[in-house]
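A look at the structure
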Amino acid sequence: MAAPALRQQTLDSRAGADARMEALEKLEGLVEDVAREKNRRRSNIALKRGVRHWRRGDIVKGGQWALRATEADPGNPKAFHVLAMALERMGHLHKALITYERAFELDPEDPELLINLGLTAWNLKYKDGAVKMFQLYIAACPESPLGYNNLGGILADMGNPELAINTLRDALTAMPDQAILWNSLATVLAEEGRADESVIFYEEAARLEPGFARAYHNLGYAYQHLSQYDKALACYDKALELVIDPAERIETTHSRSICLIAMGRLEEGFREYEIRNNDRFRCYFHHMIEAPRWQGEDVTEKKLLLVAEQGLGDEIMFSNILPDAQEAVGPKGKLQICVDPRMIPLYQRSFPAAQVGGYDDRVLMEMDGNKDLRLIPFASGENKPDVWAPMGSALQYYRKSLADFPRKAFLVPDPERVAGFKAGLAALPGKKVGVCWRSMMLTNKRGKYYASRDFWGHILQTPGITFVSLQYGDCADDIAAFREKFGVTLHQVEGLDLKNDIDGTAALCQALDLVLSAPTAAAHTAAGVGTETWLICAGQGWPQLGTSDYPWYPRAHTFASERLLEWDQVEARLAAELAAFAAG
């Protein structure tokens, strides 16, 4: 019997097998969909918790829950978006940028990611990339003010204020009811020194959105630059009534304290100025010190550490209180003074009974954000203080009114170096006047607050004077311009490093008859050793404490315009008084 032939599989039977396989694949897909939905649901629950923590001001916990949300569902773009926002607020800018990019990969249709990518790139100084992100957002959402708002801001930051103004004006033509755009336009104008014009636009922003706290803060800033302090204070108070964001509240409180100090309301102002020591303030330093904070209690026979803060000029200015602190600890106590390491020799000579050391600044990268650290190695271990405070915090205890400022020099340069500089300068004709015309830290925004080369060129042509350079940093182009355009040759002391040899700079300043300077470290050094010092300012500033001078020093005077940045007025007065000084 023949073996049965193998039955050939029909098309129908193959289709049945394929249908079964297709059904299995669909079921498998449904299981995966259910799993994905479950993961997304778990992820969104975690994300909601993170958002709740964020709204309460706890950015760290908000970020931690957002991280859990990404772990629950690696495909959830909203989770990555919130995580990136938290990383950015905690200072992990590069990580934030990468996380924003991941969110954008997952959801390229979310235009809000373009804004946040742009803002993070801006903070990282990737300005061209930030401009591109804001332009893409404008293309995607042409009726939203956010893109124009940020584009205008970064264009101004890049040194293109006119383009920024035109961008914002064009947007306002299309969206005249958007308070955020009026606020941004006003800010560009204010940063360009056009504070009087900015007031109109800030007021319109506040009118359109009465609850817009930032508009009131910025209006206060504008009034402060116009020396209309009562109006500025009222605006800051209004902003504090309205503000919700904790970081914005800290910033407004800080601005209000500066306003009070500028008004001469020192006791209240210096007390409120303590807001800068809030660990959420933008310039906060974590001080690594094993001692409690000094709160103004009696420190007789105690070891008190005072730590310099902010820039070199402020370090010197706040040192005005060091003689009081030395007296407070008494002969059986010990004052410890922590300053920029470059100033240790000068300060040890000036305060021989104190122990003077330097700080070491570091950046610590942690899970809850980058931290700026100030280490004080010399005041640790067995040499740790009983109590400590930032140097400026002593102002609230020792300088409650103008009458509390002693108007005495408090820095003592090396007498041998002073004598050596005087001998060298004696061979030069006329009065010997030191000059320092700008800070090293010049940006597009800061540059306008310093008088121009032409301003200084005209002043340097004053007869009967030998001008001696106190300008630190790279200033070869400026010195060449003074020589070529104005026929002025500045005397430069050979071998003196004006940036790093602060002790030598102090000795040179005391050997001079007068110092003319922008508000720089050189000006404060000269004033601190008691040399007559004329500060050339863009307008009235808070260090003047409501006066026309600098009460911190015995012989410091200001040349400032009544209206911000009106340099012609300052130049005319300075030229006249300098000519009289040369002839005297």
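Quick caveat, the model's predicted, so the values are computed rather than measured.

Pairing between strand S3 (residues 334-339) and strand S4 (residues 355-358): 4 bridges, direction parallel. Bridge pairing in S4 places isoleucine 337 opposite valine 356. At this point the chain moves from S3, through helix H17 (residues 344-350), to the parallel S4, and the crossover so formed is right-handed.

Its place among the elements puts alanine 130 in helix H6 (residues 127-140). Since its relative accessible area comes to 0%, alanine 130 is described here as buried. Measuring from C-alpha to C-alpha, the distance between alanine 130 and tryptophan 182 comes to 21 Å, with 52 residues separating the pair along the chain. Leave out the neighbours within four places in its chain, and alanine 130 touches Gly118, Ala121, Trp122 and Ile154.

Here the focus is the packing of helix H11 (residues 213-225) against helix H13 (residues 246-262). Axis separation between H11 and H13 bottoms out at 11 Å; the angle between their running directions is 20 degrees. What the angle tells us is that H11 and H13 run roughly parallel. Seen along the crossing, H11 lies across H13 with a hand that is left-handed. For the pair H11 and H13, contact is made by Ala213, Arg214, His217 and Gln224 and by Glu248, Glu251, Thr252, Ser255, Ile258 and Cys259, respectively. Counted by class, the contact of H11 with H13 contains 3 nonpolar, 4 polar and 3 charged residues.

Attention now moves to the sheet that holds strand S2 (residues 303-307). The strand order S4-S3-S2-S7 describes an open sheet built from 4 strands, whose pairing is parallel. Strands at the two margins of the open sheet, each flanked by one partner only, are S4 and strand S7 (387-390). Recorded for the sheet is a direction-independent mean angle of 20 degrees between the axes of neighbouring strands. Of the strand pairs in this sheet, S2 and S7 are connected by 4 bridges, and their pairing is parallel. Counterpart to leucine 304 in the pairing with S7 is valine 387. In the packing of helix H16 (residues 322-329) onto the sheet, the strands contacted are S2 and S3, and the crossing angle to S3 comes to about 150 degrees.

Packing of helix H7 (residues 145-157) against helix H9 (residues 179-191) leaves a shortest axis separation of 9 Å and a crossing angle of 5 degrees. If you check the angle between H7 and H9, you find them roughly parallel. Contacts between H7 and H9 involve Pro145, Leu146, Tyr148, Asn149, Gly152 and Ala156 on the former and, on the latter, Ile180, Leu181, Ser184 and Val188. Its residues assigned to classes, the contact of H7 with H9 shows 7 nonpolar, 3 polar and no charged.

Once that is clear, we can look at the side chain of threonine 520. Tracing the backbone through its elements, the reader meets threonine 520 in the loop between strand S10 (514-517) and helix H24 (521-528). For threonine 520, the residues in contact, after removing those within four places along its chain, are Cys436, Arg438, Ser439, Tyr450 and Tyr472.

One can find phenylalanine 318 in helix H15 (residues 312-318). Overall, phenylalanine 318 belongs to the buried group, its relative accessible area being 1%. Spatially, the C-alpha atoms of phenylalanine 318 and leucine 124 are 32 Å apart, while their sequence positions differ by 194 residues.

Moving on: the environment of alanine 190. Following the sequence through the fold, alanine 190 ends up in helix H9. Considering only alpha carbons, one finds alanine 190 and tyrosine 221, 31 residues apart in sequence, at a separation of 8.7 Å. Beyond its immediate stretch of four places on either side in the chain, alanine 190 contacts Ala195, Ser198, Tyr202 and Tyr449.

Per-residue confidence for the protein chain averages 90 on the pLDDT scale, and 92% of its residues sit at or above 70. Low pLDDT, under 50, characterises residues 1-17; the stretch is placed with 1 contact to residues that sit more than four places away or in other chains.

Rules and cut-offs
- Along each chain, residues carry numbers from 1 onward, in the same order as the chain's sequence is written.
- Only residues with pLDDT of at least 70 get local features here, since the model is predicted, and only at 80 or more are side-chain atom pairs given and counted; chain-wide, interface and lining totals rely on the full set of residues.
- As a convention, hydrogens and water are excluded, and side-chain values are obtained from all of the structure's heavy atoms.
- Paired strands are those between which DSSP finds at least two bridges.
- Only runs of H or I of at least four residues qualify as helices and only runs of E of at least two qualify as strands under DSSP, and these elements are numbered from the N terminus.
- A right-handed crossover is one whose linking path, passing over the helix from the first strand to the second, runs clockwise when the strands point away from the viewer.
- Under the scheme applied here, a residue whose accessible area is under 20% of the maximum for its type counts as buried, over 50% as exposed, and between as partly exposed, the area being computed with a 1.4 Å probe on protein chains only.
- Whether two residues are in contact is decided by their heavy atoms, any of which lying within 4.5 Å being enough.
- Angles here are taken between N-to-C directions and fall from 0 to 180 degrees, while the axes themselves are lines fitted to C-alpha atoms, restricted in helices to the stretch in contact.
- Each angle receives one of four descriptions, namely roughly parallel if under 35 degrees, roughly antiparallel if over 145, roughly perpendicular if within 65 to 115, and oblique otherwise.
- Here a crossing is called left-handed whenever its near helix is offset anticlockwise from the far helix by less than a right angle, and right-handed whenever the offset is clockwise.
- Under the convention adopted here, Pro, Cys and the residues Ala, Val, Leu, Ile, Met, Phe, Trp and Tyr are nonpolar, Asp, Glu, Lys and Arg are charged, and Gly plus all remaining residues are polar.
- A residue's pLDDT is the confidence the predictor assigns to it, expressed on a 0 to 100 scale.

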